[in-house]
Amino acid sequence: MDFDIPENLRMMVDTVAKFVKQDLEPISQQVEDEDHIPEDVVQKMRELGLFGLSIPEEYGGLELGTLGECLCYEELSKTNACFRSRIGTNNGIGSQGILLDGTPQQKERYLPNLASGQWTACFALTEPEAGSDAANIQTTAELKGDHWVLNGRKHFITNGDIADVATVFAANDRQKKARGGITAFIVEKTFPGFYVGTIERKMGLRGSHTCELIFDDCRVPRENVIGGETNVGQGFKTAMKTLDKGRLTMGASALGSAQKLMDLSIAYAKQRVQFGQPIANFQAIQIKLADMATHIYAARQMLYHAAWLRDKRGAAVVKEASMVKLFCTEMANRAADMAVQIHGGMGYVRDFPVERFYRDLRLTTIYEGTSEIQRTVIAREILK
Ligand SMILES: Cc1cc2nc3c(=O)[nH]c(=O)nc-3n(C[C@H](O)[C@H](O)[C@H](O)COP(=O)(O)OP(=O)(O)OC[C@H]3O[C@@H](n4cnc5c(N)ncnc54)[C@H](O)[C@@H]3O)c2cc1C
């Protein structure tokens with residue numbers, strides 16, 4: 001076993017850490033208040049290559065691999081979560097379908113634009129009647145001549161309002177569902193019949209928008225079926241493979257935020273004086289800090305091991321990815337709860353970032369598969 005992080009990844013992590021400290025952290029409250037990331041910051045993200053962490057070099061990405069990507073997400077998640085969300089769809093759910101299953105022509109057209117950040121991607125699976133039960137999507141796809149015609153409505157689509165290109169899942173055969181009845185399409189925002197609907201009002205993750213996407217006789221060229229004609233009906237597999245990797249990076253993000261919350265809590269506990277001494281002297285506070293540190297340590301080993309399995313062994317990590325997402329996101333939510341408690345009243349007001357982390361982390365056990373669904377996947381895998 002070699003626990004050393006390769007030099008090239010360490011350098012990239014240092015670059016991200018510096019960017020977080022110098023450019024992102026100073027505006028994290030402004031972004032929260034305005035619910036918007038300034039364009040000059042997005043441009044810096046482009047220049048650093050953050051939109052192409054996972055995309056192969058031949059398409060202009062950094063091709064860091066799973067471990068490298070996770071390390072960057074961990075670092076990036078020590079500040080406002082919306083920054084990670086801004087690059088997340090290009091690196092993850094918005095590009096992976098094309099990367100894993102796309103035709104050479106699809107990769108050529110879309111991946112360079114996504115890696116550079118010139119275009120923004122989104123992933124449109126969830127619908128009002130199909131969340132955890134994703135195979136139950138109602139959006140239909142009907143072949144008419146040289147076009148597929150999509151009709152239906154998606155909701156909760158991250159970056160949907162700013163996306164130039166969307167991976168959209170629609171039913172070509174409602175009876176067959178996951179077994180041959182769902183197709184993945186690449187839909188550009190200029191395609192006729194594609195509309196952005198309502199932007200949802202959320203508990204947190206301000207600065208990152210999720211919205212409805214509406215398909216009203218949306219015309220999609222036949223060549224935009226991900227993987228081409230032979231992949232008609234195979235879209236559910238594409239969706240599941242895409243989500244596997246996302247579960248690891250989601251774990252990494254939760255881990256980075258938990259680490260930040262622990263660092264903030266240690267600093268606060270050392271300087272906050274009650275009963276004539278820093279609250280860090282009280283055993284009740286120490287126990288919380290010790291638990292946070294231990295859980296973070298466990299989460300980190302688990303995440304890095306699963307990333308290593310995927311990179312080095314080329315292994316399918318279905319079970320491990322679900323375990324990582326489940327453990328890291330639930331751990332981070334517990335850490336957020338303890339951090340608020342350690343900060344007392346200050347943990348409940350907006351002057352301190354722990355309040356924001358508490359709200360933002362709440363989402364992580366819900367999206368890209370709830371904790372309940374992760375447990376279902378893990379149980380299915382171990383009972384096989
Ligand atoms: C901010 C945000 C961003 C999102 N971004 C995207 C995106 O970019 N693209 C996209 O496609 N989707 C996105 N989603 C959707 C997200 O993935 C879903 O919300 C999630 O999968 C849960 O679906 P649901 O909300 O319909 O809840 P439901 O599926 O209705 O679940 C409700 C509750 O029932 C539980 N439950 C459901 N089925 C079972 C079962 N079989 N066993 C046990 N418990 C069960 C769930 O775990 C949950 O606790 C986003 C959601 C949010 C809130």
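Please refer to the structure higher up on the page.
Since this is a predicted model, take the numbers as computed values, not measurements. (Residues numbered from 1 in each chain as written. Predicted model: local features only at pLDDT ≥ 70, side-chain atom pairs only at ≥ 80, totals over all residues. Heavy atoms only, no water.)

**Section: the packing of helix H4 (residues 65-76) against helix H5 (residues 81-91)**
Formally: Lines fitted to C-alpha atoms define the axes here, with helix axes fitted over just the stretch in contact, and angles between the N-to-C directions of these axes take values from 0 to 180 degrees. Secondary structure elements are taken from DSSP: a helix is a run of H or I of four residues or more, a strand is a run of E of two residues or more, and numbering for both begins at the N terminus. In these notes the angle categories are as follows: under 35 degrees is roughly parallel, over 145 is roughly antiparallel, 65 to 115 is roughly perpendicular, and the rest is oblique. By convention, the crossing between two helices is left-handed when the near helix turns anticlockwise from the far helix through less than a right angle, and right-handed when the turn is clockwise. Should any heavy atoms of two residues lie within 4.5 Å, those residues are considered in contact.
H5 packs onto H4 with a crossing angle of 160° between their chain directions and a minimal axis gap of 10 Å. Of the possible angle classes, the one that applies to H4 and H5 is roughly antiparallel. The element H4 and its partner H5 pack so that their crossing is left-handed. Facing Glu69, Tyr73 and Leu76 of H4, the residues of H5 in contact are Phe83, Arg84, Ile87, Gly88 and Asn91.

**Considering the packing of aromatic side chains**
Our working definition: Only rings of Phe, Tyr and Trp enter the pairing, Trp through its six-membered ring, and a pair is recorded when the two centres are within 6.5 Å. The plane angle decides the type: under 30 degrees is stacked, over 60 is edge-to-face, the rest tilted. Both a distance and an angle decide whether a charge sits over a ring: NZ of Lys or CZ of Arg must be within 6 Å of the ring centre and within 35 degrees of the ring normal.
Applying the stated criterion across every chain, the model contains six aromatic pairs. Measuring from centroid to centroid gives 6.3 Å for phenylalanine 275 and phenylalanine 282, while their planes differ by 80°, and the two rings are edge-to-face. In this structure, arginine 356 packs its charged tip against the face of phenylalanine 357, placed 5.2 Å from the ring centre.

**Description of the site of the ligand**
We count it as follows: What makes a residue near a molecule or strand is one non-hydrogen atom of that residue sitting within 4 Å of it. Pairing of N or O atoms within 3.5 Å defines a polar contact, subject to two protein rules: one partner must be a possible hydrogen donor and the other a possible acceptor, and residues neighboring in sequence count only if both atoms are side-chain atoms. Reported accessibility uses the Shrake-Rupley method at a 1.4 Å probe radius. Residues are deemed covered only where the shown protein chains occlude them. Buriedness for pockets is judged along seven lines, at least five of which must meet protein on both sides within 12 Å for an open set on the 1 Å grid over protein atoms alone, while cavities are sets there where a 1.4 Å probe fits but cannot get out, and lining residues have an atom within 4 Å of a point. Occupancy of a cavity or pocket is assigned to a molecule whenever over half of its atoms lie within 2 Å of that pocket's grid points. Asp, Glu, Lys and Arg are counted as charged, while Ala, Val, Leu, Ile, Met, Phe, Trp, Tyr, Cys and Pro are counted as nonpolar; the rest, among them Gly, fall into the polar class. Segment limits for the domains were obtained from an automatic or database-derived domain assignment.
Looking at the ligand, there are 17 residues lining it, with Thr126, Ser132, Phe156, Thr158 and Thr370 nearest. Within the backbone of phenylalanine 123, a nitrogen or oxygen atom sits 2.8 Å from a nitrogen atom of the ligand. Threonine 158 is positioned such that a nitrogen or oxygen atom in its side chain is 2.8 Å from a nitrogen atom of the ligand. Starting from 980 Å² of accessible surface for the ligand in isolation, the protein chains cover 64%. Here the ligand occupies the largest pocket. For the shell around the ligand, the residue count by class is eight nonpolar, six polar and three charged. Residue-level mapping places the shell around the ligand at the junction of two domains, with at least three residues from each of domain 2 (121-233) and domain 3 (237-383).

**Some words on the pattern of salt bridges**
We count it as follows: Just to be clear on terms, a salt bridge is a Lys or Arg side-chain nitrogen sitting within 4 Å of an Asp or Glu carboxyl oxygen. Here's how the labels work: a residue is buried when its accessible area is under 20% of the maximum for its type, exposed when over 50%, partly exposed in between, all with a 1.4 Å probe on protein chains only.
Taken as a whole and assessed by the stated rule, the structure comprises 18 salt bridges. Residue arginine 300 pairs with glutamate 74 through a salt bridge whose shortest N-O separation is 2.9 Å. Here arginine 300 is found in helix H9 (residues 283-312), whereas its partner glutamate 74 is found in helix H4, with 226 residues between them in sequence. The exposure class assigned to arginine 300 is buried, which follows from its relative accessible area of 19%. Of the charged contacts in the structure, one is a salt bridge between glutamate 355 and arginine 350, with a shortest N-O distance of 3.2 Å. Judged by its relative accessible area of 52%, arginine 350 falls in the exposed class.

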